[in-house]
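Architecture and fold: a report
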Amino acid sequence: MNAFVSYSRRDNPLRRLAEIEAQLSHLGHVYIDDLHHPPSIDRHAAVIAALKTAEVFIAVTSPNYPHTPWTRFEVSEAARRKIPLLLLTTNDEIRSAYYDEILPATRTA
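My aim in this report is to walk through the structure given alongside it, one point at a time. (Residues numbered from 1 in each chain as written. Predicted model: local features only at pLDDT ≥ 70, side-chain atom pairs only at ≥ 80, totals over all residues. Heavy atoms only, no water.)

1. Here we look at the pattern of salt bridges
By the definition in use, this model includes 9 salt bridges. Taking the shortest distance from any N to any O, the salt bridge between Asp34 and Arg43 comes out at 3.9 Å. Classification of Arg43 by relative accessible area gives partly exposed; the value is 21%. Taken together, the shared-partner salt bridges in this structure form one network comprising Arg9, Asp33, Asp34 and Arg43. (Salt bridge = Lys/Arg side-chain N within 4 Å of Asp/Glu carboxyl O. Buried < 20%, exposed > 50% of the residue type's maximum accessible area, 1.4 Å probe, protein only.)

Below, the structure written as structure tokens:
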């Protein structure tokens, strides 16, 4: 399975991202852009390519998550593509969710 992980950089340093990758490794391939691409890559293109193959979208909930333009873009794209959503909560629990739980303005028409 291809899992796309969306997160706020402000709330998740590289050490934490590596922990998340290990925690989710049972899902198969876990895509975390800051761990898998050098800073020089076209991040927008890389994220779109990863979303095209994602079988599950995992939002790492945190205080800044719903407020960054980048995470809002990722959530909107995943919702538009109807990728199943899981939340990784601040207690490290994984649960299924609806997109409007993380970004109320998100529509999945």
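2. Here's the deal with the side chain of Glu77
Take Glu77: it is sitting in helix 4 (residues 69-80). A distance of 3.0 Å separates a polar atom in the side chain of Glu77 from a polar atom in the side chain of Arg80. Filtering out sequence-adjacent residues up to four positions away, Glu77 remains in contact with Ile48 and Leu51. (Helix = DSSP H or I, 4+ residues; strand = E, 2+ residues; numbered from the N terminus. Polar contact = N/O pair within 3.5 Å; in protein donor to acceptor, adjacent residues only side chain to side chain. Contact = heavy atoms within 4.5 Å.)

3. Describing the environment of Ile94
When you line up the elements, Ile94 lands in strand 5 (residues 94-96). Separated by 34 residues in the primary sequence, Ile94 and Val60 place their C-alpha atoms 9.3 Å from one another. In this structure Ile94 touches Gln23, Leu24, Leu86, Leu87 and Leu88, once residues within four positions along its chain are discounted.

4. Examining unusual backbone geometry
The backbone of Lys82 sits at a positive phi, close to 60°, despite the residue not being glycine. Among the structural elements, Lys82 can be located in the loop between helix 4 and strand 4 (85-88). Judged by relative accessible area, Lys82 falls into the exposed class, the value being 51%. For Asp92, which is not a glycine, the phi torsion comes out positive at approximately 60°. Secondary-structure assignment places Asp92 in the loop between strand 4 and strand 5. Exposure remark for Asp92: the relative accessible area of 32% places this residue in the partly exposed category.

5. Brief notes about the packing of aromatic side chains
Scanning the model with the defined rule gives 4 aromatic pairs in all. Judged by centre distance (6.0 Å) and plane angle (50°), the rings of Phe57 and Tyr99 are tilted. With Phe57 in strand 3 (residues 56-60) and Tyr99 in helix 5 (residues 99-102), the pair connects residues that are 42 residues apart, well separated along the chain. Pair check on accessibility: Phe57 and Tyr99 agree, each one buried. (Phe/Tyr/Trp six-rings, centres within 6.5 Å; stacked < 30°, edge-to-face > 60°.)

6. Comments concerning the nonpolar core
Core analysis: the biggest nonpolar cluster contains 20 residues, and Phe4, Phe57, Leu85, Tyr99 and Ile102 have the highest contact counts within it. The leading source of residues in this core is helix 3 (residues 43-53), at 4 residues. Counting 14 residues, the second largest nonpolar core, distinct from the first, contains Leu27, Val30, Val56 and Leu88. (Core = buried A, V, L, I, M, F, W, Y, C linked by side-chain atoms within 4.5 Å.)

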